[in-house]
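One-letter residues, chain by chain:
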2 protein chains.
Amino acid sequence: MIDKRSPVPIYYQIEEHIKKMIDTHQLKPGDAIPSERELTEAFQVSRMTVRQAITDLVNAGLLIRKKGKGTFVAEPKIEQPLQGLTSFTEDMQRRGMKAGAKILRFSKIPSDESIAQKLDIRTGAAIYEIKRIRFADAEPMALERTYLPAELVQGLTADIFEQSLYAYIENVLHYRIAHADQVIEATTAGHDEIEHLNMAPGSPVLRIHRLTFLENGQPLEWVDSAYRGDRYKFVISLKRD
Amino acid sequence: MIDKRSPVPIYYQIEEHIKKMIDTHQLKPGDAIPSERELTEAFQVSRMTVRQAITDLVNAGLLIRKKGKGTFVAEPKIEQPLQGLTSFTEDMQRRGMKAGAKILRFSKIPSDESIAQKLDIRTGAAIYEIKRIRFADAEPMALERTYLPAELVQGLTADIFEQSLYAYIENVLHYRIAHADQVIEATTAGHDEIEHLNMAPGSPVLRIHRLTFLENGQPLEWVDSAYRGDRYKFVISLKRD
């Protein structure tokens, strides 16, 4: 299995070996992998080489280290399609999970210059600012900050954000949501994510910015969110022109 | 600017303040931000609070710490559109940058079970395996591993991978590339990225898996790539159904 004469580094061969065991379901989510000592003996390599391979797989999100318990195969990530504009609640429902939200802040404040520019309103015009944790079943998945022009969504209340904002916008206010510009970045967890998403410092985060527009071209919301990198991935089908 | 009676944590207010200065171009890419001591005095807060704010902005990729030199505003990330299936070379050309590649490995090997499944060939059938660093102008941006069924792309040579593979596939072999399924994840840098992309341990990485298909439905390539999280972001426009 391990070819010591190969130009491919040994730690990388071990990674590939473990990846394949996961790929082919010989190792399943939640399974403990063999200890460093066992792997060292099985592959006849140094402990440092084994550790390097495991660290890489932990970094890549395929394995999880639990203090004092060992190293385990990570749960498969939730796949978020990038094909159409859907809300978190809709995404969760579609895959049979229960969407939840915990509101950390709900306030009506004057917009600063930066948010005003994005929402195409004048600086100082009232906006709603909502900060909430999004849950899939009972698991915290994302931390989300949403900003909406107050004039557009008068009478907004905190409890709407415990359910689906999009359902409220479309079914109660009768606005038509048209499209959104979305940016996807990889970062590491900040203090807020560490605190509210139970993440370890240094954990990877998918950071999403979304500017959503109504059919008449008016910006509806600016969303700044952080999804747990260990639990979430995006999938998209791309067509060649 | 800083409201000590606000329920919003002070470190977060400082973050927002610095973000706004970047957003409104009062601080430009490459600019040094004031020292921790200066910020401590300007905001009349503890040094720890200032440090917390700066660490968060470094984690988010907005600031960069340079040892012994200070903290600077990061260069804007390269925006990669997710709208259509394009090659790295085409993307770079579109934005007026020079695409480059350094080949680290080029070999014809028997496929293992996992790659064979993806490429829909029998296990053991020959594949090309290419590992290369992708450059934008002279900057290393991504580490990419590509696997192609050898039968499909006979006579492939290493120098093709120093240019555009897609150009070769379409213009020389006259295949029609149709679409690709792509997965986007956030991870942290592994040993390979740290070595070849000059990344610091713990740096965020955008990891992309792509399975590309020809018009006749046959898989053309399986690509496993890691893009520098500090230099790259994806943008997409989503339509509401």
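Bear in mind that the values here come from a model prediction, so they are computed numbers and not experimental data.

Some thoughts on the overall build of chain A
Next up, step 1: Broken down by element type, chain A carries 7 helices and 10 strands.
Next up, step 2: What you see for chain A is a C-alpha radius of gyration of 22 Å, clearly larger than the 18 Å of a compact globule of 241 residues, by over 25%.
Next up, step 3: Across its three principal directions, the C-alpha atoms of chain A cover 70 × 45 × 35 Å.
Next up, step 4: For chain A, the proportion of its 241 residues judged to be buried stands at 54%.
Next up, step 5: Considering only residue pairs separated by 6 or more positions, chain A has 57% of its internal contacts joining residues 24 or more positions apart.
Next up, step 6: When the accessible surface of chain A is split by element, carbon and sulfur atoms take 50% of a total near 11,300 Å².
Next up, step 7: Taken as two groups, the 33 positive and 34 negative side-chain charges of chain A have centres that lie 5 Å from each other.

Observations concerning the layout of surface pockets
Once rolled over the atoms, a probe with the size of a water molecule shows which space is left empty.
Next up, step 1: The volume enclosed by the second largest pocket comes to roughly 1,600 Å³.
Next up, step 2: Taken together, 50 residues line the second largest pocket, and the ones lying closest to its centre are Ser114 and Lys118 of chain A together with Lys19, Lys20 and Asp23 of chain B.
Next up, step 3: Residue assignment for the lining of the second largest pocket shows that the elements contributing at least two residues are β4 (99-110), α5 (113-119), β5 (126-136), β6 (139-149), β7 (177-188), β8 (204-214) and β9 (219-228) of chain A together with α1 (10-23) of chain B.
Next up, step 4: Taken together, the residues of the lining of the second largest pocket sort by class into 19 nonpolar, 12 polar and 19 charged.

Considering the pattern of salt bridges
Close approach of charged atoms allows side chains with opposite charge to pair.
Next up, step 1: Across all of its chains, the model carries 42 salt bridges over all chains by this definition.
Next up, step 2: Among the salt bridges present, the one from Arg105 of chain B reaches Glu129 of chain B, with a minimum N-O distance of 3.1 Å. Of this pair, Arg105 of chain B sits in strand β4 (residues 99-110) while Glu129 of chain B sits in strand β5 (residues 126-136), placing them 24 residues apart in sequence.
Next up, step 3: A salt bridge links Glu193 of chain B to Arg207 of chain B; the nearest nitrogen and oxygen atoms lie 3.2 Å apart. Separated by 14 residues along the polypeptide, Glu193 of chain B in helix α7 (residues 191-196) and Arg207 of chain B in strand β8 (residues 204-214) bring together distant segments of the chain. Neither residue differs from the other here; Glu193 of chain B and Arg207 of chain B are each classed as buried.
Next up, step 4: Among the charged side chains, a network of salt bridges with common partners joins Glu139, Arg228, Asp230 and Arg231 of chain A.

So, the domain arrangement of chain A
When the parts of a complex come together, some accessible area is lost, and that lost area is often taken as the interface size.
Next up, step 1: The domains assigned to chain A are domain 1 (10-73) and domain 2 (78-235).
Next up, step 2: Its C-alpha centre places domain 1 of chain A at a distance of 36 Å from the equivalent point of domain 2 of chain A.

Quick look at the side chain of Asp91 of chain A
Residues and elements named next belong to chain A.
Next up, step 1: Assignment of secondary structure puts Asp91 in helix α4 (residues 88-94).
Next up, step 2: Of the side chains with opposite charge, Arg94 lies nearest to the buried Asp91, which makes no salt bridge, at 4.4 Å.
Next up, step 3: A polar atom in the side chain of Asp91 sits 2.8 Å from the side chain of Gln80.
Next up, step 4: Once residues lying within four places of it in the same chain are set aside, the contact partners of Asp91 are Gln80 and Thr86.

Here's the deal with helix α2 (residues 36-43) of chain A
All names here are of chain A.
Next up, step 1: When we look at burial in α2, the residues that qualify are Glu36, Leu39, Thr40 and Phe43. All buried residues of α2 fall inside an arc of 105° around its axis, so they share one side.
Next up, step 2: Contact partners of the buried residues in α2: α1 (10-23) and α3 (47-59).
Next up, step 3: Just beyond α2, the residue with positive phi is Gln44, at close to 55°.

Digging into the sheet that holds strand β3 (residues 78-81) of chain A
Next up, step 1: Spatially, β3(A)-β10(A)-β7(B)-β8(B)-β9(B)-β6(B)-β5(B)-β4(B) is the arrangement adopted by the 8 strands of the open sheet, whose pairing is mixed. Bordering the open sheet on either side are β3 of chain A together with β4 of chain B, each of which pairs with just one other strand. Strand after strand, the sheet turns through a mean of 20° between neighbouring axes, direction not considered.
Next up, step 2: Inspection of the sheet shows β8 of chain B paired to strand β9 (residues 219-228) of chain B by 9 bridges, in the antiparallel sense. Bridging across to β9 of chain B, Arg210 of chain B finds its partner in Val223 of chain B.

Here is what the cut-offs are and how they apply
Residues numbered from 1 in each chain as written. Chains lettered and ligands numbered in written order. Predicted model: local features only at pLDDT ≥ 70, side-chain atom pairs only at ≥ 80, totals over all residues. Heavy atoms only, no water. Helix = DSSP H or I, 4+ residues; strand = E, 2+ residues; numbered from the N terminus. Rg over C-alpha atoms; globule rule 2.2 N^0.38 Å. Buried < 20%, exposed > 50% of the residue type's maximum accessible area, 1.4 Å probe, protein only. Contact = heavy atoms within 4.5 Å. Areas by Shrake-Rupley, 256 points an atom, 1.4 Å probe, with all protein chains shown as cover. Lys, Arg positive; Asp, Glu negative; His and termini not counted. Charge placed at Lys NZ, Arg CZ, Asp CG, Glu CD. 1 Å grid on protein atoms, 1.4 Å probe; cavity = no way out; pocket = protein on both sides within 12 Å on 5 of 7 lines; lining within 4 Å. Points joined across faces, edges and corners; volume = space filled by probe spheres on them. Nonpolar A, V, L, I, M, F, W, Y, C, P; charged D, E, K, R; others polar. Salt bridge = Lys/Arg side-chain N within 4 Å of Asp/Glu carboxyl O. Domains from an automatic or database assignment. Polar contact = N/O pair within 3.5 Å; in protein donor to acceptor, adjacent residues only side chain to side chain. Arc of directions from axis to C-beta. Pairing = 2+ DSSP bridges. Axes fitted to C-alpha atoms, helices over the stretch in contact; angles between N-to-C directions.

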